[in-house]
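Observations on chain architecture
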Amino acid sequence: MLSKEIQLEVNRGAMLPLMEEFYTIQGEGFHTGTAAYFIRIGGCDVGCHWCDVKESWNAELHPPTSIDLIVKNASTYADTVVITGGEPLMWDMTFLTQELKNKNLKVHIETSGAYPLTGTWDWICLSPKKNKLPTQTVYANAHELKVIIHNKHDFIFAEEQAELVNDGAILFLQPEWSKKEEMTPLIVDYVMNNPKWRVSLQTHKYLNIP
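Residues numbered from 1 in each chain as written. Predicted model: local features only at pLDDT ≥ 70, side-chain atom pairs only at ≥ 80, totals over all residues. Heavy atoms only, no water.

Turning our eyes to something else, we now look at the nonpolar core. Counting residues in each nonpolar core, the largest one holds 51 residues, and the members touching the most others are Ile39, Ile83, Leu96, Leu100, Leu173 and Trp197. Once you skip the residues sitting within four places of it in the chain, Ile83 turns out to touch Ile39, Ile41, Pro88, Met93, Leu96, Leu100, Val107, His108, Ile109, Glu110 and Trp121. (Core = buried A, V, L, I, M, F, W, Y, C linked by side-chain atoms within 4.5 Å. Buried < 20%, exposed > 50% of the residue type's maximum accessible area, 1.4 Å probe, protein only. Contact = heavy atoms within 4.5 Å.)

This brings us to the packing of helix H2 (residues 67-74) against helix H3 (residues 94-102). Relative orientation of the contacting elements H2 and H3 amounts to 40°, with a least axis distance of 10 Å. Between H2 and H3 lies a crossing of right-handed hand. Contacts between H2 and H3 involve Ile67, Ile70, Val71 and Ala74 from the first element and Phe95, Leu96, Glu99 and Leu100 from the second. By residue class, the composition of the contact of H2 with H3 is seven nonpolar, no polar and one charged. (Axes fitted to C-alpha atoms, helices over the stretch in contact; angles between N-to-C directions. Helix = DSSP H or I, 4+ residues; strand = E, 2+ residues; numbered from the N terminus. Left-handed = near helix turned anticlockwise from the far one by under 90°. Nonpolar A, V, L, I, M, F, W, Y, C, P; charged D, E, K, R; others polar.)

Turning our eyes to something else, we now look at the UniProt feature "binding site: [4Fe-4S] cluster" (unreviewed entry) in the protein. The positions UniProt marks with the feature "binding site: [4Fe-4S] cluster" (unreviewed entry) are Cys44, Cys48 and Cys51. The annotated residues that sit in the lining of the largest pocket are Cys44, Cys48 and Cys51. For Cys44, the position within the fold is in the loop between strand S2 (35-41) and strand S3 (64-66). When you line up the elements, Cys48 lands in the loop between S2 and S3. On the accessibility criterion, Cys48 (12% relative accessible area) is buried. Setting aside anything within four residues of it in sequence, one finds Cys48 in contact with Lys54, Trp57, Lys129 and Asn131. (UniProt positions renumbered as here; feature names shortened; annotations may be inferred. 1 Å grid on protein atoms, 1.4 Å probe; cavity = no way out; pocket = protein on both sides within 12 Å on 5 of 7 lines; lining within 4 Å.)

Another aspect to go through is the layout of surface pockets. Estimated volume of the largest pocket: approximately 810 Å³. Lining the largest pocket are 37 residues; nearest its centre among them are Glu28, Arg40, Asp52, Val53 and Thr84. Within the residue set of the lining of the largest pocket, elements represented by two or more residues are strand S1 (15-25), S2, strand S5 (106-111), strand S7 (144-149), strand S8 (170-175) and helix H7 (203-206). The element that contributes the greatest number of residues to the lining of the largest pocket is S1, accounting for four residues. (Points joined across faces, edges and corners; volume = space filled by probe spheres on them.)

Taken together, the nine strands give an open sheet; going across it, the order is S3-S1-S2-S4-S5-S6-S7-S8-S9, and neighbouring strands pair in mixed fashion. Each end of this open sheet is capped by a strand with a single partner; those strands are S3 and strand S9 (197-199). Strand-to-strand twist across the sheet, computed as the mean angle between neighbouring axes with direction ignored, equals 30°. For S5 and strand S6 (residues 123-126), the ladder comprises four bridges, and the chain directions are parallel. Bridge assignment links Thr111 to a residue of S6, and that residue is Leu126. The strands touched by helix H6 (residues 180-193) within the sheet are S7, S8 and S9, with S8 carrying the most contacts at an inclination of about 150°. (Pairing = 2+ DSSP bridges.)

Below you can see the structure in the form of structure tokens.
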């Protein structure tokens, strides 16, 4: 149980439930292959059955950490920071992104879009989930749409989501890791027949890095 004072700090975004932070290579989507410092925020109620970081779901398991410390750690490494989760937009991202931008860092987010957009972002990767659809603010501002393909029906979902994002969003299809052998050939065929889409792979898993 958090003290009242800490809970107030979390509510206003001055502290966040930090699960982990690490410097690595971005493995997915538009910025694949580039160095980035990842900040994983705890807490998610979207509940994807194939989530590979289910330990992020319960925010109470991850200690509220001051934004000052998070930003200090991030600014030691790359010039690009990726905020991920969990679902980071469960929390107010205004304070964190402002302080990161004050350090002249490029600030990216990976989000399901299930909550309204807060914060100032250089890049927004929207990865929508069927069981909790994105808010309009994220559809309108997403720089890329990355749809996870777990079965053939997900191609229909992908097209539905492509109709909802802004015209500038870059469209990616990515095989769910446990189904990659089955789904990757289907994605390749689909992209060749529908070239508005691009293929995204979880290259960090092939490289055996975080």
